[in-house]
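Chain residues, written in single-letter form:
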Amino acid sequence: MPITKADSLPIRGEPDIVMARQGVRKLTQEIGFGIVDQTKMVTAASELARNALVYGRGGEMRWEIHVEGARTGLRLHFIDQGPGIPDLKQAMTDGWTSGTGMGLGLSGAKRLVNEFAIETAEGKGTRVSVTRWK
Amino acid sequence: MERIPILRMGQFLLVTIQVDMRDQLALQLQEDLTEQISRLEAKGVLIDISALELVDSFIGRMIANISAMARMLDAETVLVGMRPAVAITLVELGLSLPGVHTALDVERGMARLRTHILDADTHDADHEG
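Residues numbered from 1 in each chain as written. Chains lettered and ligands numbered in written order. Predicted model: local features only at pLDDT ≥ 70, side-chain atom pairs only at ≥ 80, totals over all residues. Heavy atoms only, no water.

Asks: What's the story with the side chain of S46 of chain A in this structure? I'm lost.
Replies: Take S46 of chain A: it is sitting in helix α2 (residues 35-54). Residue classification places S46 of chain A among the buried positions, given a relative accessible area of 0%. Side-chain polar atoms of S46 of chain A contact the side chain of D56 of chain B, separated by 2.5 Å. Contacts of S46 of chain A, omitting those with residues within four sequence positions, involve I17 and R21 of chain A together with L54 and D56 of chain B. (Helix = DSSP H or I, 4+ residues; strand = E, 2+ residues; numbered from the N terminus. Buried < 20%, exposed > 50% of the residue type's maximum accessible area, 1.4 Å probe, protein only. Polar contact = N/O pair within 3.5 Å; in protein donor to acceptor, adjacent residues only side chain to side chain. Contact = heavy atoms within 4.5 Å.)

Below, the structure written as structure tokens:
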């Protein structure tokens, strides 16, 4: 599965959430996503960037443009070295929150993308990967 | 510090959100609005989000909070101008903003606020009479 373009953005502070949104918006436009798909992907990125900052104490967003046969997709990885998620099943439940949010971050973001994967280890951090295809 | 301006129009407060808001800016708006509702005895708040390309759970929560806080201060909130793509995304995200009144544009939103206040006045009059 060839990656045609890739880079990363730091997530160190609140302004980086806005930068991540703007970066993802530009990428989805480059790929030619329609307005609804753009909005879904940018919103998912906003939720996951905030999670990485608030719960993961910061990290980075890596992005990759994938070309697979006739389809093009955008994959985002949100990587932090925070405390990890002790109970992943609970964290993926709508309405469950350990912090100040509404508890829609992970479960909500999952509904906005085509592919969703999460790896987490206590004390080592969390990596959330999402993909949306055109 | 950066702030979102709040305009006063008679008994109403008008807010147009035109920037991609940082979380801190959203919290500041919540604080400024409740303070002004109380100080100016505003009866209605109109929030125009027609320029917003995204409403995530944080901004959504801020809007729901403003609406609930305004209600406790005896003011009605109407959210106007939501883009269709934003509405689709919000509902899929799991945030349907229950209790928040909406209108398609500023004009309809103002009409709704006026009707609400007129109704409230009539009820008061009935009660007193």
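From this point, the narrative continues.
Asks: Looking at this structure, I do not really get the pattern of salt bridges. What am I missing?
Replies: Charged atoms that come close allow side chains of opposite charge to pair. Inspection of the entire model under this criterion finds 17 salt bridges over all chains. When the shortest N-O distance is used, the salt bridge between R62 of chain A and E60 of chain A registers 2.9 Å. The closest approach of N and O atoms between R3 of chain B and D32 of chain B, which form a salt bridge, is 2.9 Å. Placement of the pair is R3 of chain B in the segment before β1 (6-9) and D32 of chain B in helix α1 (residues 23-40), with a sequence separation of 29 residues. (Salt bridge = Lys/Arg side-chain N within 4 Å of Asp/Glu carboxyl O.)

Asks: Please explain the packing of α1 of chain B against helix α2 (residues 57-72) of chain B as it appears in this structure.
Replies: Each pair of packed helices can be summarised by the angle the axes make with each other and by the distance between the axes. Residues and elements named next belong to chain B. Two elements in contact, α1 and α2, have axes whose closest approach is 10 Å; the angle formed by their N-to-C orientations is 10 degrees. As far as their axial angle goes, α2 and α1 are roughly parallel. Residues D23, A26, L27, L29, Q30, L33, T34 and I37 of α1 pack against F58, M62, N65, I66, M69 and A70 of α2. Residues belonging to the contact of α1 with α2 are distributed by class as follows: ten nonpolar, three polar and one charged. (Axes fitted to C-alpha atoms, helices over the stretch in contact; angles between N-to-C directions. Parallel < 35°, antiparallel > 145°, perpendicular 65-115°, else oblique. Nonpolar A, V, L, I, M, F, W, Y, C, P; charged D, E, K, R; others polar.)

Asks: I tried to follow the sheet that holds β1 of chain B on my own but got confused; where do I start?
Replies: Each strand in a sheet pairs with another by means of backbone hydrogen bonds, the pair being arranged parallel or else antiparallel. Residues and elements named next belong to chain B. Here five strands make up an open sheet; going across it, the order is β1-β2-β3-β4-β5 and the pairing mixed. Because the sheet does not close on itself, it has two edges, and the strands there are β1 and β5 (101-103). The average angle at which neighbouring strand axes cross in this sheet is 25 degrees, direction not considered. When β1 meets strand β2 (residues 12-16), the two strands line up antiparallel, connected through four bridges. (Pairing = 2+ DSSP bridges.)

Asks: Explain the interface of chain A and chain B to me, please; I cannot follow it from the model alone.
Replies: Contacts between the two partners involve 24 residues from chain A, matched on the other side by 20 residues from chain B. Across the interface of chain A and chain B, roughly 2000 Å² is buried in total on both sides, 55% from carbon and sulfur atoms. In this assembly, chain A and chain B are joined by seven salt bridges. Along the contact surface separating chain A from chain B lie 13 residue pairs in polar contact (both at pLDDT 80 or more). For the side of chain A that touches chain B, the secondary structure elements donating two or more residues are α1 (14-31), α2 and α4 (105-111) of chain A. (Buried area = accessible area lost by both parts, 1.4 Å probe.)

Asks: Sorry, what's going on with the confidence of the model for chain B here?
Replies: With 96% of its residues at a pLDDT of 70 or more, chain B shows a mean pLDDT of 92. Per the prediction output, this complex has pTM 0.91; the corresponding ipTM is 0.89. (pLDDT = per-residue confidence, 0-100.)

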